[in-house]
Amino acid sequence: MADSGTQGGETLLFLTDEQLRKGIEAMFFAYRGFTADPDRILEKYAYGRAHHRAIHFINRQPGLTVTTLLSVLGVTKQSLNRVLRTLIEDGLVESRVGRKDKRERHLFLTEKGEALERELSGAQRERMRAAYRAAGPQAVAGFRQVLEAMMDFEMRRHYQMMKDGA
């Protein structure tokens, strides 16, 4: 068995540009695979990935404010409002006025929104489960560490809040 610091004879603390390029390309292709199944589902509704991300995070944190969702997604208010307007009009998301602060809007998935979220995340969970099983538990932990290390501070903060809240 190889040392935890080496894999295939390569020290993980020093990577060549070629090794990094291969990792970058693997991320591009993995992302295409990871988004392909949901993209096919979203296409039936004339939705895009922004709709998917909004649905995902509203599901993860029911009652999420529009302001927090803006911060999590890192999009403009105008862009998010277009997405939310569509989701609300189509009966997938409900916007409720805040109880403490009437200026806040809290977002919740409707039953229809929850059904679409289950369909979208189910496809991604199947792909992730198969990849995790093929890679093994050490690779899963290492993969998550790499992803977390790639996040900038604000993204990591949002991720930690969601992870800790789950």
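Structural data are supplied above this passage.
For clarity, every value in this text was computed on a predicted model and none was experimentally measured.

Definitions and limits used
Going along each chain's sequence as written, the residues are numbered from 1 onward. This being a predicted model, a pLDDT of at least 70 is required before a residue's local features are given, and a value of 80 or more before pairs of side-chain atoms are given or counted; all residues contribute to the totals for chains, interfaces and linings. Computation of side-chain values: all heavy atoms of the structure, hydrogens and water removed. Each helix corresponds to a stretch of at least 4 residues labelled H or I by DSSP, and each strand to a stretch of at least 2 residues labelled E; elements are numbered beginning at the N terminus. Buried means the residue's accessible area, taken with a 1.4 Å probe over protein chains only, is under 20% of the maximum for its type, while exposed means over 50%, and partly exposed covers the values in between. When checking whether two residues touch, look at their non-hydrogen atoms; a contact exists if any pair is within 4.5 Å. Note on areas: Shrake-Rupley, 1.4 Å probe, and residue coverage restricted to the protein chains presented here. For the charge count, each Lys or Arg is scored as positive and each Asp or Glu as negative, with His and the chain ends excluded. In this description, the location of a charge corresponds to atom NZ of lysine, CZ of arginine, CG of aspartate or CD of glutamate. One side-chain nitrogen of Lys or Arg within 4 Å of one carboxyl oxygen of Asp or Glu is enough to make a salt bridge. In this scheme, a helix's expected span is set at 1.5 Å multiplied by one less than its residue total. We define the nonpolar core as a collection of buried residues of types Ala, Val, Leu, Ile, Met, Phe, Trp, Tyr and Cys that are connected through side-chain atoms lying within 4.5 Å of one another. Ring pairs are drawn from Phe, Tyr and Trp, using the six-membered ring of Trp, whenever the two centres fall within 6.5 Å, and their geometry is named by plane angle: stacked under 30 degrees, edge-to-face over 60, tilted for the rest. Criterion for a charge above a ring: Lys NZ or Arg CZ within 6 Å of the ring centre, and within 35 degrees of the ring normal.

Digging into the overall build of the protein chain
Summing up its helical and strand segments, the protein chain has seven helices and five strands in all. Reading the protein chain from its N end, one meets helices and strands in the order β-β-α-α-β-α-α-β-β-α-α-α. Taken over the C-alpha atoms alone, the protein chain extends approximately 60 × 35 × 25 Å along its principal axes. For the protein chain, the proportion of its 166 residues judged to be buried stands at 27%. Across the protein chain, every contact between residues at least 6 apart in sequence was considered, and the portion connecting residues at least 24 apart equals 49%. Surface summary for the protein chain: the accessible area is close to 11700 Å², and the carbon and sulfur share equals 56%. Each charge sign in the protein chain was given a centre, from 27 positive and 22 negative side chains, and these centres are 4 Å apart.

Here we look at the pattern of salt bridges
The final tally for this structure, using the stated rule, is nine salt bridges. Asp37 is the partner of Arg40 in a salt bridge, and the nearest nitrogen-oxygen pair spans 2.4 Å. In this pair, Arg40 and Asp37 are both assigned in helix H1 (residues 17-43), three residues apart and thus about one turn of the helix distant. Two residues, Arg49 and Asp39, come together in a salt bridge whose shortest N-O distance is 2.5 Å. Taken together, the positions of Arg49 in helix H2 (residues 49-60) and Asp39 in helix H1 put the pair ten residues apart, joining distant regions of the chain.

Some points on helix H5 (residues 111-135)
The end-to-end C-alpha separation of H5 is 35 Å, in line with the 36 Å expected for 25 residues at 1.5 Å each. Those residues of H5 that fall on the buried side of the exposure criterion are Gly113, Leu116, Glu117, Leu120, Ser121, Gly122, Ala123 and Gln124. Looking at the buried residues of H5, the elements they touch are H1, H2 and strand S5 (105-109). Immediately beyond the C-terminal end of H5, within one or two residues, lies Gly136, with a positive phi of roughly 95°.

What about the nonpolar core?
Counting 22 residues, the largest nonpolar core has Ile58, Leu69 and Leu87 as its most contacted members. Where this core is concerned, the elements lending two or more residues are H1, H2, helix H3 (66-73), helix H4 (77-89), S5 and H5. Excluding its chain neighbours within four sequence positions, the residues that come into contact with Ile58 are Leu64, Leu69, Leu84, Val93, Leu107, Phe108 and Leu109.

Thoughts on the packing of aromatic side chains
The final tally for this structure, using the stated rule, is one aromatic pair. Relative to Tyr47, the ring of Tyr45 lies with its centre 5.7 Å away and its plane at 15°, an arrangement referred to as stacked. Of the residues examined, Tyr47 reaches a relative accessible area of 9% and is grouped as buried. Here the guanidinium or amino end of Arg96 rests over the ring plane of Phe108, the centre of that ring lying 3.8 Å away.

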